[in-house]
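An overview of the molecular structure
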Amino acid sequence: LMRLFIKHHQYGEACDVVVSILSKQLSCSEDATSSRLPEKGSIDYVPYDLIDMLWNMIESISTTTVQSNSSGEDVKSQVKSLIKKRNCMENALEKHFDSLRISEEGLKSARTLSWA
């Protein structure tokens, strides 16, 4: 879905997909973050290369718009909206990585206890 949105230059919608996937996985596992095991299928995956590509495209658009004084207010408003969506994606990614860190710490503890 992300590839389709990116292909059709719908970068804001692609950001929404990332936020939706990561937020859904976090809300489903918020109480059990430390007990999630990859062996049990608890793997969150959004292609990081697509996220990087999306991030770079939005950065390029915003830089080009800022440098171009001829852009209308409508274009500037659309770019602001796009940057807001990218910021939401960034927040979702930060929460995702925090969750991964907590899961990894819980997994190490569980494995250490099972060996004892």
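Fair warning: this is a prediction, and the values are worked out from it, not measured in the lab.

Side note on the overall build of the chain
Helix and strand counts for the chain stand at four helices and zero strands. Secondary structure elements of the chain occur, N-terminal to C-terminal, as α-α-α-α. The buried share among the 116 residues of the chain stands at 30%. In the chain, 75% of the contacts between residues at least 6 apart in sequence involve partners at least 24 apart. Total accessible area computed for the chain in this model is approximately 7,900 Å², and 55% of it derives from carbon and sulfur atoms.

Structural notes on the packing of aromatic side chains
Note on aromatic pairs: each is described by the distance of the centres and the angle between the planes. For the structure on display, the rule yields one aromatic pair. On the numbers, 5.9 Å between centres and 45° between planes, the contact of Y48 with F97 is tilted. Of this pair, Y48 sits in helix α3 (residues 48-67) while F97 sits in helix α4 (residues 73-115); the two residues are 49 residues apart in sequence, bridging distant segments of the chain. Judged by its relative accessible area of 35%, Y48 falls in the partly exposed class. When its relative accessible area of 41% is taken as the criterion, F97 is described as partly exposed. In this arrangement the basic side chain of R86 is found over the ring face of W55, its NZ or CZ atom lying 4.3 Å from the centre.

Concerning a nonpolar patch on the surface
Residues Y48, F97 and L100 make up a contiguous nonpolar surface patch of about 250 Å² in total accessible area. By the secondary structure assignment, L100 is in helix α4.

What to know about α3
The periodicity of an α-helix, 3.6 residues per turn, causes residues three or four places apart in sequence to face the same way. Helix length check: α3 (20 residues) gives 28 Å between terminal C-alpha atoms against 28 Å at 1.5 Å per residue, within 8%. When α3 is considered as a whole, its buried residues turn out to be L50, I51, L54, I58, S62 and T65. Down the axis of α3, the buried set is contained in an arc of 105°. They therefore lie on one face. Away from its buried face, by an angle of more than 90 degrees, α3 presents the exposed residues D49 and Q67.

Description of the confidence of the model for the chain
Parts of the prediction with low pLDDT should not have their coordinates interpreted in detail. Counting all residues, the mean pLDDT for the chain is 80, and 72% of those residues have values of 70 or more. Here helix α2 (residues 11-29) is the element of the chain with the lowest mean pLDDT, 81, and helix α1 (residues 2-7) is the one with the highest, 93.

Thresholds applied
- Residues numbered from 1 in each chain as written.
- Predicted model: local features only at pLDDT ≥ 70, side-chain atom pairs only at ≥ 80, totals over all residues.
- Heavy atoms only, no water.
- Helix = DSSP H or I, 4+ residues; strand = E, 2+ residues; numbered from the N terminus.
- Buried < 20%, exposed > 50% of the residue type's maximum accessible area, 1.4 Å probe, protein only.
- Contact = heavy atoms within 4.5 Å.
- Areas by Shrake-Rupley, 256 points an atom, 1.4 Å probe, with all protein chains shown as cover.
- Phe/Tyr/Trp six-rings, centres within 6.5 Å; stacked < 30°, edge-to-face > 60°.
- Lys NZ or Arg CZ within 6 Å of the ring centre and 35° of its normal.
- Patch = residues over 30% accessible without salt bridge, like charges linked within 9 Å, V, L, I, M, F, W, Y side chains within 5 Å.
- Salt bridge = Lys/Arg side-chain N within 4 Å of Asp/Glu carboxyl O.
- Expected span 1.5 Å × (residues − 1).
- Arc of directions from axis to C-beta.
- pLDDT = per-residue confidence, 0-100.

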